[in-house]
Amino acid sequence: MSAVIEAAAPSPQPPPTSGRGGGRGGRAGLNPKYLPLTATISLFLLMATLGSVFYDGFFSAQVFLNLLIDNAFLIVVAVGMTFVILSGGIDLSVGSVIALTTMVSASLVEKHGWSPMVVIPLVLAMGTAFGAFMGLLIERFRLQPFIVTLAGMFLARGLCYLISIDSISITNEFYSEVSQIRIPIWGEASLSISAVIAVVVLLAAVFIAHCTPFGRAVYAIGGSEQSAMLMGLPVRSTLVGVYTLSGFCSALAGVIFTFYMLSGYGLHALGLELDAIAAVVIGGTLLTGGVGYVAGTLFGVLMLGIIQTLISFDGTLSSWWTRIVVGALLFVFCLLQRFFTSRAPRR
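Residues numbered from 1 in each chain as written. Predicted model: local features only at pLDDT ≥ 70, side-chain atom pairs only at ≥ 80, totals over all residues. Heavy atoms only, no water.

Here we take up the overall build of the protein chain. The secondary structure content of the protein chain amounts to 15 helices and four strands. By the burial criterion, 47% of the 347 residues in the protein chain qualify as buried. If you take every contact in the protein chain between residues at least 6 apart in sequence, the share linking residues at least 24 apart comes to 77%. Carbon together with sulfur atoms contributes 68% to the accessible area of the protein chain, which is approximately 17400 Å² in total. (Helix = DSSP H or I, 4+ residues; strand = E, 2+ residues; numbered from the N terminus. Buried < 20%, exposed > 50% of the residue type's maximum accessible area, 1.4 Å probe, protein only. Contact = heavy atoms within 4.5 Å. Areas by Shrake-Rupley, 256 points an atom, 1.4 Å probe, with all protein chains shown as cover.)

Encoded structure:
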């Protein structure tokens, strides 16, 4: 009889766990690390909706594709900056490398008669080598990335003025034709070659970041370089590779910028490194490294672009309002990052 009573009695239930599926620590909710990216996408959709409501002609495919066309070079350089920041570093030389790329391209094509088929691979190799050199200095001598890339910024910008202190216009037919090519998407909407290159670079970067050992090593180094070394990851080569990749992206952005401006000038891309950093931060990548998404950087760039588009559609606001709004957004996203870093240890 007692056996029957024991069998009929309900067995005690285990206490709730703190895993993702239940318990206080795993209650349904958004992981704080996704907050900056979610906020960026939501704010972008809100701005697009408001622009469509208040301005005639804003809600069209070509207006949104123009965000890619006008910011193709920024997307490419911000992709390289994303990897650098994910590793816990910074690269202040990207704008100067873009300017140097335009100056070398314009000088070789216009003054020396070189073929663009030779010049473009040459400047890409130049930018890649420049980034690799800075990466070697940072890794070999354990120098601060801020100082090394600041020196690289001054060096590259100064080399521009050794070539010429004036702007060099590019009249080569190849550059003119490439800048005017439009690839139809649907209806009358189209994309430029530069925008297509930017999309390809973005997709390749997403694959590298999330599907390759190099990308996983970058995230690990950004989280804790010491822990990455104890895990046996190739920390030294990865750090050099990160700045090499950033140099390549900067040079490629310089090639795209050359198509966009059809000129080389030492003042091109002045301050663009700050725009790239802003796009990466607004896109949800932590400045402390280890957390972020390359796809988020795209939305960060599109956010900057849609702010400029809204101001141009309004017609009554100064272009400096773009900087004011971006500055306010950076304050907000820095607070979101602080919220994440304060919540992460408890989780």
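Another aspect to go through is the packing of aromatic side chains. Within the structure shown, the criterion is met by 11 aromatic pairs. Judged by centre distance (5.8 Å) and plane angle (85 degrees), the ring pair of F174 and Y175 falls under edge-to-face. Using a relative accessible area of 28% as the deciding quantity, one classes F174 as partly exposed. One residue, R140, lies across the ring of F141, its end atom 5.7 Å from the ring centre. (Phe/Tyr/Trp six-rings, centres within 6.5 Å; stacked < 30°, edge-to-face > 60°. Lys NZ or Arg CZ within 6 Å of the ring centre and 35° of its normal.)

We now examine unusual backbone geometry. A positive phi angle is found at R142, which is not glycine, with a value near 55 degrees. Residue position: R142 is located in the loop between α6 (116-140) and α7 (145-163). Here A269, not a glycine, exhibits a phi torsion of approximately 60 degrees, which is positive. Checked against the element boundaries, A269 lands in the loop between β4 (263-264) and α13 (272-282). Judged by its relative accessible area of 9%, A269 is buried.

With that settled, consider the confidence of the model for the protein chain. Per-residue pLDDT for the protein chain averages 89, and the proportion of residues at 70 or more is 89%. At the low end of the mean pLDDT range in the protein chain sits helix α1 (residues 2-8), at 44; at the high end sits helix α4 (residues 72-86), at 98. Residue range residues 1-28 is modelled with pLDDT below 50. Its contacts to residues more than four positions away, or to other chains, number 10 contacts. (pLDDT = per-residue confidence, 0-100.)

Close approach of charged atoms allows side chains with opposite charge to pair. Throughout the structure, instances matching the rule amount to three salt bridges. A salt bridge links E139 to R236; the shortest N-O distance between them is 2.5 Å. With E139 in helix α6 and R236 in helix α12 (residues 235-261), this residue pair connects regions lying 97 residues apart in the sequence. Relative accessible area serves as the criterion here: at 7%, E139 is assigned to the buried category. Relative accessible area serves as the criterion here: at 53%, R236 is assigned to the exposed category. Put simply, R323 and D275 hold a salt bridge, and the shortest N to O gap is 2.5 Å. Of the two residues, R323 is situated in helix α15 (residues 320-343) and D275 in helix α13; the sequence distance between them amounts to 48 residues. Given a relative accessible area of 16%, D275 falls into the buried group. (Salt bridge = Lys/Arg side-chain N within 4 Å of Asp/Glu carboxyl O.)

A few words now on the environment of I168. Position of I168 relative to the elements: it lies in strand β1 (residues 168-169). The exposure class assigned to I168 is buried, which follows from its relative accessible area of 7%. In this view, I168 contacts M103, A106, S107, E110, K111, S263 and G264; residues no more than four positions away in its chain are not counted.

With that settled, consider the side chain of S194. You can see S194 is positioned in helix α9 (residues 193-211). Accessibility expressed as a relative area gives 10% for S194, which makes it buried. With residues up to four places along the chain from it excluded, the contact list for S194 reads A72, I256 and F259.

Residues A189 and L191 of strand β3 (residues 189-192) are buried on one face, and the alternating residues S190 and S192, pointing to the opposite face, are buried as well. Where strand β2 (residues 182-186) meets β3, four bridges bridge the pair, whose relative direction is antiparallel. Among the inter-strand pairings, I183 is bridged to a residue of β3, identified as L191. (Pairing = 2+ DSSP bridges.)

To continue, consider a nonpolar patch on the surface. On the surface, L46, L50, V53 and F54 cluster together into a nonpolar patch covering about 420 Å² of accessible area. Within the secondary structure, F54 sits in helix α2 (residues 35-54). (Patch = residues over 30% accessible without salt bridge, like charges linked within 9 Å, V, L, I, M, F, W, Y side chains within 5 Å.)

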